[in-house]
Amino acid sequence: MTLTDTFRLSLRTVISYRLRSILIILAMSLGVAAVITLTALGDGARRFVINQFSSIGTNLLVVLPGRSETSGAFPGAVLGQTPRDLTLKDSRLLARLPQVKRYAPLNVGEAELSAANRLREVTVLGSNADLIPIRHMKLAQGSFLAHGSTNSAQIVLGAKLAQEFFPLKQAIGQRVRLGENRFLVTGILAPQGESMGFNTDEIVIIPVEQAQSLFNTTSLFRILVETKTHDAIEPAKRAILEIMKQNRDDEEDITVITQDAILATFDRILHALTLAVAGIAAISLIVAGTLVMNVMLVAVNQRTAEIGLLKAIGARAEDIRLLFFAEATWLSITGATLGFLVGHIGSFLFRQAFSQLPAWTPVWASIAGILVALITGILACILPAKKAAQLNAVHALSKK
Amino acid sequence: MIRLSGITRTFYMGKQTIHALDHIDLDIQNGEYLAIMGPSGSGKSTLLNVIGLLDRPDNGQYKLDGKLVSDLSEAEQAQIRREKIGFVFQSFHLIPRLSAAENIELPLILSGIKPNERKIRVKEALNAFDLLDRAAHKPAELSGGQRQRVAIARAMIMHPTAILADEPTGNLDQQMGKEVLALLEQLHQTGTTLIIVTHDRELGNRAHRKLVLRDGKITADKTHDIN
């Protein structure tokens, strides 16, 4: 029997056992669609996070106090030392480095904001004028913190806060009270929503020294540094560590994180997550494969007399085996193709519904989904096909 | 020609041993018309299955046209079934989802014959067996006699040297049975060996040679010329 005839005959069988075939194809296609849609979501999440990172700034270095250790407890804790604070003096040192384009010291805290008989707790950022370009933030109105001054009594409000406190009035030029001190509103941030853990619509920004006095501290939370070029990131990191060491009794007790490193970590984590999700979805394909095996075993029983007849008119055991494999191949191919389409339609709908989520299926996931479907479908047929091929023709023919 | 020597086939049913064929020696010339008779359980179907290479004897030799076929591999026996033997069954054994024409075509497909030639040969067969207007019908849409005609057409499509029929009229009423038998005898007249297993005495008497089996042994082997 030629291969063409084998596939043609088995296609007839697939079509004539309509309900059974539809159910198998459905199970197969759901499995493939699950792989494709879920990996699209996983990979979409990965791209979403990467986009978020890019949006908070480019060529970014973050300097934070303390040495990050890969193992053991804080060495400082054991030796009775605490990591030294980062100070404004440190940040000014960084400004002298040739690789550094600009920097923004950062202090973060909570304080009560009150104005026009309203009062609420807000997140306060203390920084300087360069925070805006470094973090790619935008102003809606007014001006940001003044250049060169780190202690003027001015305040920039998040978009939502400005709306809440001054729903009817122009917020610029109003006086507000933050903690004990009074500030003049000079600017309002453009609405930006959530960005790396902060809702920038609900923060206020004041000059860094004002923040330090408000929170009664001399230390900084972080220093954000932007290098002149992308290639300058690594040299800048080394130079920062070096200059800080010189000024800190030769001790390296700060940590410099590059944005690339954070990105790479997130990329790895989310890629692993995508793989895990794909693996879980692939299990449903194995379930579908088991279903194929089950149904094919039933088919062998149903078609016993027919198999006997085929043997009587000269079919070899090999021909019978191939007929069953061809049948499983049809079912798997149809299921995989349908699942591929449904999966991509699903990802498309996700992209439509959540425009921020770039839910595109990675190519490897499409290929893997289809291959796993074909392989499980065909593997599942080994046992039934063998059983059919080995049927005793005389017994098979005597069965009605 | 068919030559069986010392053919033994034993079945074990629990503790019981059944000698379905007990040292059978039998020669059948090409073109013979042979009826195998006997009570049920006498081994007549087993004998037919051994001759048709569907069943392997436990002992003994089977030569077909001078070639020892009892020791051939499964695939080689399948090829002989395809080329030299045509089966006709009591219950027709047509594939229900295929049309009459497609059922007749099956042996040609199994032999790997090209679609163009298949079409011509199926057409000829449909014509010869008076089934042209039933070509596209499924077996369920055919009468019993028509179904058996399709089955005979399928058995003949490869021009076998022998037709093996196991109770070919058993599922048909008298009129249709007669027609089917006439058709088989017609084929015999063109030179095909015809071997029929039956317990119908009248049918058995029409054959030129009558074999009676009992407990796996040949108890009578009579040849008589009717014509």
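Residues numbered from 1 in each chain as written. Chains lettered and ligands numbered in written order. Predicted model: local features only at pLDDT ≥ 70, side-chain atom pairs only at ≥ 80, totals over all residues. Heavy atoms only, no water.

Enquirer: Would you mind going over the overall build of chain B in detail, with residue names and values included?
Expert: Across its full length, chain B carries seven helices and 10 strands. Radius of gyration (C-alpha) of chain B: 18 Å, near the 17 Å computed for a compact globule of 227 residues. Projecting the C-alpha coordinates of chain B onto the three principal axes gives extents of approximately 50 × 40 × 40 Å. Summarising the internal contacts of chain B: among those between residues at least 6 apart in sequence, 67% fall at separations of at least 24. Within chain B, the 28 negative side-chain charges are centred at a point lying 3 Å from the centre of the 29 positive side-chain charges. (Helix = DSSP H or I, 4+ residues; strand = E, 2+ residues; numbered from the N terminus. Rg over C-alpha atoms; globule rule 2.2 N^0.38 Å. Contact = heavy atoms within 4.5 Å. Lys, Arg positive; Asp, Glu negative; His and termini not counted. Charge placed at Lys NZ, Arg CZ, Asp CG, Glu CD.)

Enquirer: Can you lay out the overall build of chain A for me, pointing to particular residues and giving the numbers?
Expert: Per the secondary structure count, chain A includes 14 helices and 12 strands. Its C-alpha radius of gyration of 33 Å places chain A more than 25% over the 21 Å reference for a compact globule of 400 residues. Based on the C-alpha atoms only, the size of chain A along its principal axes is roughly 100 × 55 × 35 Å. Taken across its 400 residues, chain A has 49% of its residues classed as buried. Partitioning the intrachain contacts of chain A with sequence separation of at least 6 by distance along the chain shows that 80% fall at a separation of at least 24. For chain A, the accessible area works out to roughly 19100 Å², and carbon and sulfur atoms hold 61% of it. Of note, chain A has its 38 positive side-chain charges centred 11 Å away from the centre of its 30 negative side-chain charges. (Buried < 20%, exposed > 50% of the residue type's maximum accessible area, 1.4 Å probe, protein only. Areas by Shrake-Rupley, 256 points an atom, 1.4 Å probe, with all protein chains shown as cover.)

Enquirer: Can you tell me about the interface of chain B and chain A, naming the residues and giving the values?
Expert: A common way to state how big an interface is: give the accessible area lost once the parts meet. Opposite the 24 residues of chain B that make contact, chain A presents 27 residues. When the two sides are added together, the surface that chain B and chain A hide from each other amounts to roughly 2300 Å², 60% of it contributed by carbon and sulfur. Contact with chain A buries area across many residues of chain B, yet His 93, Arg 97 and Leu 110 of chain B alone supply 31% of it, more than any other trio. One can count three salt bridges joining chain B with chain A. Here Glu 306 of chain A ties to Arg 97 of chain B by a salt bridge, and the two come within 2.5 Å at their closest N and O atoms. Here chain B and chain A share 10 residue pairs in polar contact (both at pLDDT 80 or more) between them. Of all elements in the fold, only helix H2 (74-84) and helix H3 (100-110) of chain B reach the threshold of two or more residues within the side of chain B that touches chain A. Its residues assigned to classes, the side of chain B that touches chain A shows 11 nonpolar, four polar and nine charged. (Buried area = accessible area lost by both parts, 1.4 Å probe. Salt bridge = Lys/Arg side-chain N within 4 Å of Asp/Glu carboxyl O. Polar contact = N/O pair within 3.5 Å; in protein donor to acceptor, adjacent residues only side chain to side chain. Nonpolar A, V, L, I, M, F, W, Y, C, P; charged D, E, K, R; others polar.)

Enquirer: Quick rundown of the packing of helix H1 (residues 3-16) of chain A against helix H11 (residues 317-353) of chain A? Include the residues and the values.
Expert: All names here are of chain A. Between H1 and H11, whose axes approach to 8 Å, the crossing angle comes to 60°. With respect to their mutual orientation, H1 and H11 come out oblique. Seen from above, H1 lies across H11 with right-handed handedness. Within the contact between the two elements, H1 uses Thr 6, Phe 7, Leu 9, Ser 10, Leu 11, Thr 13 and Val 14 and H11 uses Leu 322, Leu 323, Ala 326, Glu 327, Thr 329, Trp 330 and Leu 331. Here the residues of the contact of H1 with H11 sort into nine nonpolar, four polar and one charged. (Axes fitted to C-alpha atoms, helices over the stretch in contact; angles between N-to-C directions. Parallel < 35°, antiparallel > 145°, perpendicular 65-115°, else oblique. Left-handed = near helix turned anticlockwise from the far one by under 90°.)

Enquirer: Outline the pattern of salt bridges, listing residues and values.
Expert: Residue and element names in this part refer to chain B. Across all of its chains, the model carries 29 salt bridges over all chains by this definition. Among the ionic pairs, Asp 27 bridges to Arg 3, the shortest N-O distance being 3.0 Å. Taken as a pair, Asp 27 in strand S2 (residues 16-28) and Arg 3 in strand S1 (residues 2-13) lie far apart in primary sequence, 24 residues in all. Exposure remark for Arg 3: the relative accessible area of 41% places this residue in the partly exposed category.

Enquirer: Describe in detail the sheet that holds S1 of chain B, supporting the description with residues and values.
Expert: Residues and elements named next belong to chain B. Strand order in the open sheet made by the four strands is S2-S1-S4-S5, with antiparallel pairing throughout. Looking along the sheet, the strands with just one partner apiece sit at the ends: S2 and strand S5 (67-68). For strand S4 (residues 59-64) and S5, the ladder comprises two bridges, and the chain directions are antiparallel. Residue pairing across strands places Leu 64 opposite Lys 67, the latter belonging to S5. Here helix H1 (residues 44-51) sits on the sheet in contact with S1, S2 and S4, set at roughly 55° to S2. (Pairing = 2+ DSSP bridges.)

Enquirer: Describe a nonpolar patch on the surface, with residues and values.
Expert: Taken together, the side chains of Val 363, Ile 367, Leu 371, Ile 375, Leu 379 and Ile 382 of chain A present a nonpolar region at the surface, about 580 Å² in accessible area. On the secondary structure map, Leu 379 of chain A appears in helix H12 (residues 363-379). (Patch = residues over 30% accessible without salt bridge, like charges linked within 9 Å, V, L, I, M, F, W, Y side chains within 5 Å.)

Enquirer: Give me the lowdown on the packing of H3 of chain B against helix H4 (residues 115-128) of chain B, citing residues and values where you can.
Expert: Residue and element names in this part refer to chain B. In contact at an axis separation of 10 Å, H3 and H4 are set at 130° when each is read in the N-to-C sense. Classed by the angle they form, the pair H3 and H4 counts as oblique. Pair H3 / H4 crosses with right-handed handedness. Counting all contacts with H3, which are made through Ala 101, Ile 104, Glu 105, Leu 108 and Ile 109, the residues of H4 involved are Arg 118, Arg 121, Val 122, Ala 125 and Leu 126.

Enquirer: Could you give me a rundown of the side chain of Ser 70 of chain B, with the residues and numbers involved?
Expert: Residues and elements named next belong to chain B. Relative to the helices and strands, Ser 70 is located in the loop between S5 and H2. We classify Ser 70 as buried; its relative accessible area is 9%. Within the local environment of Ser 70, its side chain forms a polar contact with the backbone nitrogen of Tyr 62, the two atoms lying 3.2 Å apart. With near-sequence residues (within four places) excluded, Ser 70 lies in contact with Arg 56, Pro 57, Gly 60, Gln 61, Tyr 62 and Gln 77.

Enquirer: Before we move on, could you go through the nonpolar core and cite the residues and values that matter?
Expert: If you look at the biggest cluster of nonpolar residues, it comprises 72 residues, and the most contacted ones within it are Phe 324 of chain A together with Leu 4, Leu 47, Ile 51, Tyr 62 and Ile 195 of chain B. Tallying contributions element by element places helix H9 (residues 259-302) of chain A first for this core, with eight residues. Other than its neighbours up to four places away in sequence, Ile 51 of chain B contacts Ile 2, Leu 4, Ile 28, Tyr 62, Ile 85, Leu 164 and Ile 195 of chain B. With 38 residues, the next largest nonpolar core counts Met 156, Ile 163, Leu 181 and Leu 184 of chain B among its residues. (Core = buried A, V, L, I, M, F, W, Y, C linked by side-chain atoms within 4.5 Å.)

Enquirer: Please provide a residue-by-residue account of the layout of surface pockets, values included.
Expert: When its volume is computed, the largest pocket comes out at roughly 840 Å³. Contributing to the lining of the largest pocket are 33 residues, with Val 394 and Ser 398 of chain A together with Ser 45, Asn 49 and Asp 166 of chain B lying nearest its centre. Among the elements of the structure, helix H14 (393-398) of chain A together with S1, S2, H1, strand S6 (85-88) and strand S7 (162-166) of chain B are those that each provide at least two residues to the lining of the largest pocket. In terms of residue count, the dominant contributor to the lining of the largest pocket is H1 of chain B (five residues). Counted by class, the lining of the largest pocket contains 12 nonpolar, 15 polar and six charged residues. (1 Å grid on protein atoms, 1.4 Å probe; cavity = no way out; pocket = protein on both sides within 12 Å on 5 of 7 lines; lining within 4 Å. Points joined across faces, edges and corners; volume = space filled by probe spheres on them.)

Enquirer: Any details on empty space enclosed by the protein? Residues and values, ideally.
Expert: Within this structure, the stated rule accounts for five cavities of 30 Å³ or more. Roughly 190 Å³ of internal volume is contained in the largest cavity. In terms of lining residues, the largest cavity is bounded by 16 residues, among which Thr 13, Glu 306, Leu 310 and Leu 323 of chain A together with Arg 97 of chain B are the most central. Those elements that provide at least two residues to the lining of the largest cavity are H1, helix H10 (304-312) and H11 of chain A. A class-by-class count of the residues in the lining of the largest cavity yields nine nonpolar, two polar and five charged. What lines the second largest cavity is simply Ile 313 of chain A together with Arg 81, Arg 82, Ile 85, Gly 86, Phe 87, Pro 107, Arg 154, Ala 155, Met 158 and Pro 160 of chain B. Of all the elements in the fold, those that place two or more residues in the lining of the second largest cavity are H2, S6 and helix H5 (144-156) of chain B. Counting residues per element, the lining of the second largest cavity draws most heavily on S6 of chain B, at three residues.

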